[in-house]
Amino acid sequence: MTTPKILAPYTFPRTGLSIRNRTVLAAMTNKQSGHDGVLSDDELEWLAARARGGFGIVTTCAAHVSLDGQGWDGEMGVFDDGLVPGLTRLADALRAEGSVSLVQIFHGGVRAPSRLTGQQPFSASVFKLEAKDFEVPREATVEDIEHTIAAFGQAARRCAEAGFDGIEIHGAHGYLITQFLGTISNTRTDQWGGSLENRARFVRRIYAATRAATPDGFLIGVRISPEVADQGVGLDDSLQVAKWLAEDGVDFLHVSNWDSFKPPAQHPESGKMLTTWFREALGPDVPLIATGGVWTPAEADQVFDHGADMVGLARAGIGNASWASDAARIDWEPARPPYTPQHLRNAAISEKMVDYMRLWPGFVTDGK
Ligand SMILES: Cc1cc2nc3c(=O)[nH]c(=O)nc-3n(C[C@H](O)[C@H](O)[C@H](O)COP(=O)(O)O)c2cc1C
């Protein structure tokens, strides 16, 4: 029986930090923490169980860098020094279980609803999308922009002080960084909008701020979406942004494909998978994580063959806390949704997250 390729160890070239295998628990919002952003025992256990289950890297939920950036109820925060003791508990627990730990840090922008923040959301520009509960944002002032960049830097510092191995800057899925990258969500005419160079300035400045605020051995990567149609993010632009970030010195790029087994919308005729587009653009040496649509070890190895150094899993890691250990058999088949609430409870998931997962169609059955 062959061992899956994604179970081989990996060493990050710049820092020399090694991971026991190439599996990454991708960031998942789980709504299990307090209204004040303080880490809860439930959220700690949900992540520690996946570290115990063998994942090489465990990533936290998207955690807000400032109060005006909160996207969800029960979201763990990184916006205040008072949160460091909780973060330290989590970093210690993940290290004790043998995983490399990353905090995903973000700002929701237009997706930081006023019912949570008490204020109208801001974004790159004023724009409107046909989305449920969409609140038209105000345009960020230059002060908002500088303030938010600094907040990312301070959040990174807190994560390093807490003992995490690194952070992932969340530039994917339509949150504030994506809103700056997109031609629909960003129609500014100053240095923060217009050309791709200007639209990418925000994420590049954020990266620089986090690097300046953290020690040398700290891992800093960026997650981006190849394509976000409704905000005007296309593959060609995303490849260029990835190249710039690699030149800037990020320790890894993480592409969020949703479905890793299809070519991009912008070049459907290519037949070339999303991960391969990024590998070819970046060259062989830039550490690349790819996530989306992987359930089995055999599928993870396919994404590795597309050019990923590490493969992320989200949904498959919810009902299979020990995915990374069980994957030692290449023909192993994970449990798939719909899951009973009891199955999820057995996988170290609290009622709050079970309830949240009911919003994902076909994920939770009504059984016991
Ligand atoms: C419950 C849930 C919460 C998620 N929350 C986040 C998040 O906080 N940050 C993020 O970048 N992606 C988030 N995602 C997206 C996943 O990280 C992943 O990219 C996506 O689910 C596709 O991977 P999969 O096919 O392995 O599930 C979430 C996905 C799920 C299922």
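The numbers attached to residues start from 1 for each chain and follow its sequence in the written order. A pLDDT threshold of at least 70 governs which residues receive local features in this predicted model, and a stricter bar of 80 or more applies before side-chain atom pairs are shown or counted, although totals over entire chains, interfaces and linings include all residues.

Trainee: It is not clear to me how the overall build of the chain should be interpreted in this structure. Could you clarify?
Mentor: The way it works is that DSSP assigns letters per residue, a run of H or I at least four long becomes a helix, a run of E at least two long becomes a strand, and they are numbered from the N terminus. For the chain, the count of helices and strands is 14 helices and 12 strands. This radius of gyration counts C-alpha atoms alone. The globule rule is 2.2 Å times how many residues there are, raised to the power 0.38. Taken over the C-alpha trace, the chain has a radius of gyration of 19 Å; the compact-globule value for 368 residues is 21 Å, and the two agree within 12%. With respect to the principal axes defined by its C-alpha atoms, the chain has extents near 60 × 45 × 40 Å. The 368 residues of the chain split such that 52% are buried. Throughout, a residue-residue contact means that the two C-beta atoms, derived from backbone geometry, are no farther apart than 7 Å. Long-range contacts, defined as pairs at least 24 residues apart, comprise 70% of the intrachain contacts of the chain with a sequence gap of at least 6. Three exposure classes are used, based on other C-beta atoms lying within 10 Å of a residue's own C-beta, which is placed from the backbone: buried for 20 or more, exposed for 12 or fewer, and partly exposed in between.

Trainee: Even after reading the chapter, I still don't get the sheet that holds strand β8 (residues 166–171), so can you show me in this structure?
Mentor: In sheet architecture, strand pairing relies on hydrogen bonds along the backbone and comes in two forms, parallel and antiparallel. Pairing between two strands is assigned when DSSP locates at least 2 bridges connecting them. Reading around the barrel, the 8 strands line up as β3-β4-β5-β8-β9-β10-β11-β12 and close back on themselves, with parallel pairing between neighbours. Ignoring which end each strand starts from, the neighbouring axes of this sheet average 25° apart. A fitted line through C-alpha atoms serves as each axis, taken over the contacting stretch for helices, and the angle formed by two N-to-C directions is quoted from 0 to 180°.

Trainee: For this particular structure, what's the right way to read helix α2 (residues 84–96)?
Mentor: The α-helix advances 3.6 residues per turn, and as a result positions three or four apart in sequence lie on the same side. In this analysis, the expected span of each helix is defined as 1.5 Å times one less than the number of residues it contains. Spanning 13 residues, α2 covers 18 Å between terminal C-alpha atoms, matching the ideal 18 Å at 1.5 Å per step. Tucked inside the fold, the buried residues of α2 contact α1 (41–52), β4 (57–64), β5 (100–106) and α4 (142–162). Of the residues one or two after α2, Gly98 is the one with positive phi, at around 90°.

Trainee: Help me understand the site of the ligand in this model?
Mentor: Using the backbone to place each C-beta atom, any residue with that atom within 6 Å of a molecule or strand is considered near it. Inspection of the region around the ligand gives 21 residues, with Ala26, Ala27, Ala62, Ala314 and Arg315 positioned closest. Where the shell around the ligand is concerned, the elements lending two or more residues are β4 and α11 (315–318). Charged means Asp, Glu, Lys or Arg here, nonpolar means Ala, Val, Leu, Ile, Met, Phe, Trp, Tyr, Cys or Pro, and polar covers whatever is left, Gly included. A breakdown of the residues in the shell around the ligand according to their chemical character gives 11 nonpolar, 8 polar and 2 charged.

Trainee: Mind showing me how you'd approach the environment of Ala200 here?
Mentor: Turning to its location among the elements, Ala200 is positioned in the loop between α6 (196–199) and α7 (201–212). Note: C-alpha distance between Ala200 and Gly182 (18 residues apart in sequence) is 9.3 Å. Once residues within four sequence positions are removed from consideration, Ala200 is found in contact with Leu181, Val241 and Trp244.

Trainee: Quick question: what am I supposed to make of the pairing of strand β9 (residues 219–224) here?
Mentor: When a strand is regular, its side chains alternate between the sheet's two faces. Of all 6 residues in β9, 6 are buried, a share of seventy percent or more. Of the two faces of β9, the one lined by Leu219, Gly221 and Arg223 and the one lined by Ile220, Val222 and Ile224 are each fully buried. With 6 bridges connecting them, β8 and β9 associate as parallel partners. For His170, the partnering residue across the bridge sits in β9 and is Arg223. Summarising the sheet, β9 and strand β10 (residues 252–256) pair through 4 bridges and their orientation is parallel. Note on β10: the bridge partner recorded for Ile224 is Val255. Looking down the strands as they point away from the viewer, one classifies a crossover as right-handed if the path from the first strand across the helix to the second runs clockwise. The parallel pair β9 and β10, bridged by helix α8 (residues 235–248), forms a crossover whose chirality is right-handed.

Trainee: Before we go on, may I ask you to explain the nonpolar core in this structure?
Mentor: Among soluble globular proteins, nonpolar side chains are generally buried collectively. Linking buried Ala, Val, Leu, Ile, Met, Phe, Trp, Tyr and Cys residues through C-beta atoms within 7 Å yields a set, and such a set is a nonpolar core. In this structure, Val78, Ile105, Phe152, Cys159, Val203, Leu253 and Val311 are the most contacted members of the largest nonpolar core, which totals 109 residues. In terms of residue count, the dominant contributor to this core is α4 (9 residues). Beyond its immediate sequence surroundings of up to four residues, Cys159 is in contact with Val78, Leu87, Val103, Phe164 and Ile167.

Trainee: Hey, could you run me through unusual backbone geometry in this one?
Mentor: A negative phi holds for most residues other than glycine; trans holds for most peptide bonds. Following Pro337, the chain continues into Pro338 via a peptide bond in cis, with omega recorded as 0°. Relative to the assigned elements, Pro338 resides in the loop between α12 (323–326) and α13 (341–346). A positive phi is found at Trp258, a non-glycine position, where the angle reads about 60°. When you line up the elements, Trp258 lands in the loop between β10 and α9 (274–282). With 15 C-beta atoms counted inside 10 Å, the residue Trp258 sits in the partly exposed group.

Trainee: I would appreciate a short explanation of the environment of Gly163 in the present structure.
Mentor: Inspection of the secondary structure puts Gly163 in the loop between α4 and β8. Under the C-beta neighbour-count criterion, Gly163 is labelled partly exposed, with 16 such atoms within 10 Å. Along the primary structure Gly163 and Val303 are separated by 140 residues, whereas in three dimensions their C-alpha atoms are 30 Å apart.

Trainee: I'm lost on the environment of Ala63 in this one. Help?
Mentor: Mapping Ala63 onto the fold places it in strand β4. With 265 residues separating them in the primary sequence, Ala63 and Ala328 have C-alpha atoms 31 Å apart. The residues contacting Ala63, other than those within four sequence positions of it, are Glu75, Met76, Gly77, Val78, Val103, Gln104, Ile105 and Phe106.

Trainee: Sorry, what's going on with α9 here?
Mentor: Among the residues of α9, those classed as buried are Leu274, Thr275, Trp277 and Phe278. All buried residues of α9 fall inside an arc of 160° around its axis, so they share one side. Buried positions along α9 lie against α8, β10, β11 (288–291) and α10 (297–306). Gly283 lies just past α9 and shows a positive phi near 80°. The directions considered for the arc are those from the helix axis to the C-beta atoms.

Trainee: Help me understand the pairing of β10, please; the structure alone is not making it clear to me.
Mentor: Along β10, 5 of the 5 residues are buried, which leaves the element largely enclosed by surrounding structure. Across the two faces of β10 the burial is the same, with Phe252, His254 and Ser256 and Leu253 and Val255 all buried. With 4 bridges joining them, β10 and β11 adopt parallel strand pairing. Its bridge partner being in β11, His254 is matched across the sheet by Ile289. On the question of chirality, the crossover connecting β10 to the parallel β11 by way of α9 is right-handed.

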